[in-house]
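# Secondary and tertiary structure notes
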Amino acid sequence: MAIDLLIKNIKLLQHNRLVEGCISVENGRIYYIGKETHQPSADVIIDGQGYVALPGAVDIHVHFRDPGRVHKEDFTTGSMAAVAGGVTTVIDMPNTNPHTNTLSHYKEKKEIGEKKAIVDFSLHAGVSEDEKKLQELLQSNIPSIKVYMPELDDPLSTLRYIYSLIVENNLNTKVVIHAEDPQIIAQEKAKLEQRKAKRDLLYHYLMRTPKAEVSAVESVIKLLRDYQATTHLCHISTRESTNLIRKAKQEKLPLTSECTPHHLLLSYPELMNLGPIAKCDPPLRTKDDTIAILESLKEHIIDIIASDHAPHTLEEKLKGEDDITKAPSGIVGVETLVPLALTLVHNGFLTLADVVERISTKPAQIFCLNHRKGALKKGLDADIMLVDLKKQWVIKGSKLHGKTKFTPFEGKTVYGKVMKTFIRGTLVYDNEKIIGKPGYGSFVYPYWIGEKHAY
Ligand code: DOR
Ligand code: ZN
Ligand code: ZN
């Protein structure tokens, strides 16, 4: 009997060494991975041209803006950017319109994704002010809930409420946190306004002071000592936060964290001239902070890299040229995540195995998708990127596949290019061409879900 697909003539990563081999796929799952000793007959045979096969990246932090803000991005265009960058699974953030903060909005968004996504996906739910709705969501066994602290009147009491529901009901839901203290931001803003500070990128940088993040991270860690509910901190941006997380991990608190490529590689003040294009929350920080983030990533204090792909139109961004407060925050990144991470290998900062762990294996593990995603192993989904590790190329916003055609990484030389992307054994991207069709992407449940869920 012939198997569905054979990808031959590829290199496989084994114990940090590249060896020649092949992968065969049956029913969307990896059937065989290893040496090309025997050549099973297959319905489709693809020549991997000597490229390196890596597990597709799992980007657990994207804003695909669907529904409600689809002029910025939607599930299809976000997916196009994802697969062109070797990302095969995404987890979408809830700040869409409507906000994904009720069970019915969660189900609606899931249906939209199932119609429009090319990549496999999951969804983070958001927080509703209405406690009943929040309870209903949590008790439906949603995989994760995103708490955007800067938006809440009293973020710590909201967090306490969520944690107590999780602990009392013995839920597996993960708490995902944007940690910035709204009170500290408001105080800094008042100071800047009082001295009539020019509203440029420096204003934004000073307003969203490192103190706001550090204080929020500190508060979350304190709460974790009481509640012991699994928590993930988004886009860590300061050295001081990494020190707090290191201590929390020494205490064995159930905490994981992520950094973005932009907080890892870009810093102020070099980027002052980029203006609103470089505006994001938390803001880009100093060179020293980027060094601390890289060190922490090496040490597993920061566990993973996620893009925080946050598209806005150029028109929206340029509104902030004379007054930064008028521009929305956000940087696109789902398509450049893998090449930027591979460039860390080229530059000798991380090994290839380290990078695979930080962009595929660990994100899948942290979000309980590792029964299907995050590794090239028999039985797992055949989510594969074929990468030309030697290819040197230059990032150009105009070439990106999502709706946003600009990036603060414009002109950056990167090393490593995604040549082909497969999701569940189907070729969805092939050398600059998007082949996957909207509706191919499917919702991925966490491994613990069982029968008891309502979405
Ligand atoms: O820069 C950001 N943009 N940070 C966030 O937390 C939100 C995001 C967005 O949705 O645009
Ligand atoms: Zn955030
Ligand atoms: Zn975000």
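Here's what I pulled together on the structure shown here. Keep in mind the model is a prediction, meaning the values are calculated, not measured.

### Comments concerning the pattern of salt bridges
According to the stated counting rule, one finds 29 salt bridges in the structure shown. Lys 116 is paired through a salt bridge with Asp 66; the nearest N and O atoms lie 2.8 Å apart. Highlighted residues: Lys 116 in helix H2 (residues 103-116) and Asp 66 in the loop between strand E6 (57-62) and helix H1 (75-84), separated in sequence by 50 residues. You can call Lys 116 partly exposed: its relative accessible area is 24%. Overall, the relative accessible area of 3% leaves Asp 66 in the buried class. We note a salt bridge from Lys 420 to Asp 430, for which the minimum N-O separation is 2.8 Å. Taken together, the residues span a long stretch of sequence, with Lys 420 in strand E15 (residues 413-423) and Asp 430 in strand E16 (residues 426-430) at a distance of 10 residues. Here Lys 420 and Asp 430 have matching classes, each one buried.

### Remarks on the packing of helix H12 (residues 337-346) against helix H13 (residues 352-366)
To characterise two packed helices, one gives the angle between the axes of the helices and the distance between these axes. At a minimum axis distance of 9 Å, the contact between H12 and H13 shows a crossing angle of 150 degrees. Between H12 and H13, the angle is such that the two are roughly antiparallel. Read as a crossing pair, H12 and H13 show a hand that is right-handed. Here Leu 337, Val 338, Ala 341, Leu 342 and Val 345 of H12 come into contact with H13, specifically with Leu 352, Val 355 and Ile 359. For the contact of H12 with H13, the residue count by class is 8 nonpolar, no polar and no charged.

### Side note on the packing of aromatic side chains
The geometry of an aromatic ring pair is captured by two quantities: the separation of the ring centres and the angle between the planes. Applying the stated criterion across every chain yields a total of 10 aromatic pairs. Pairing Phe 121 with Phe 443 gives two aromatic rings, centres 5.7 Å apart and planes at 80 degrees, and the pair type is edge-to-face. Remark: Phe 443 occurs in the segment after strand E17 (433-434) and Phe 121 occurs in strand E8 (residues 120-123); sequence separation between them is 322 residues. An identical accessibility class is assigned to Phe 121 and Phe 443; each is buried. Three or more aromatic residues joined by ring pairs make a cluster, and in this case those are Phe 64, Phe 75, Tyr 106, Phe 121, Phe 443, Tyr 445 and Tyr 455. For Lys 174, the ring lying beneath its charged end belongs to Phe 367, and the centroid distance is 5.8 Å. Between the NZ or CZ atom of Arg 424 and the centre of the ring of Tyr 440, over which it lies, the distance is 4.3 Å.

### What to know about the site of ligand 1
Around ligand 1 sit His 63, Arg 65, Asn 95, Tyr 148, His 178, Cys 280, Asp 281, Ala 310, His 312, Ser 329 and Gly 330, and that is every residue in its neighbourhood. Between ligand 1 and Arg 65, the relevant distance is 2.8 Å, taken from an oxygen atom to a side-chain nitrogen or oxygen of the residue. A distance of 2.9 Å is found between an oxygen atom of ligand 1 and a backbone nitrogen or oxygen belonging to Asp 281. Protein contacts shield 93% of the accessible area of ligand 1, which totals 290 Å² for the unbound molecule. Its residues assigned to classes, the shell around ligand 1 comprises 3 nonpolar, 6 polar and 2 charged.

Scoring rules and cut-offs
Residues numbered from 1 in each chain as written. Chains lettered and ligands numbered in written order. Predicted model: local features only at pLDDT ≥ 70, side-chain atom pairs only at ≥ 80, totals over all residues. Heavy atoms only, no water. Salt bridge = Lys/Arg side-chain N within 4 Å of Asp/Glu carboxyl O. Helix = DSSP H or I, 4+ residues; strand = E, 2+ residues; numbered from the N terminus. Buried < 20%, exposed > 50% of the residue type's maximum accessible area, 1.4 Å probe, protein only. Axes fitted to C-alpha atoms, helices over the stretch in contact; angles between N-to-C directions. Parallel < 35°, antiparallel > 145°, perpendicular 65-115°, else oblique. Left-handed = near helix turned anticlockwise from the far one by under 90°. Contact = heavy atoms within 4.5 Å. Nonpolar A, V, L, I, M, F, W, Y, C, P; charged D, E, K, R; others polar. Phe/Tyr/Trp six-rings, centres within 6.5 Å; stacked < 30°, edge-to-face > 60°. Lys NZ or Arg CZ within 6 Å of the ring centre and 35° of its normal. Near = heavy atom within 4 Å. Polar contact = N/O pair within 3.5 Å; in protein donor to acceptor, adjacent residues only side chain to side chain. Areas by Shrake-Rupley, 256 points an atom, 1.4 Å probe, with all protein chains shown as cover.

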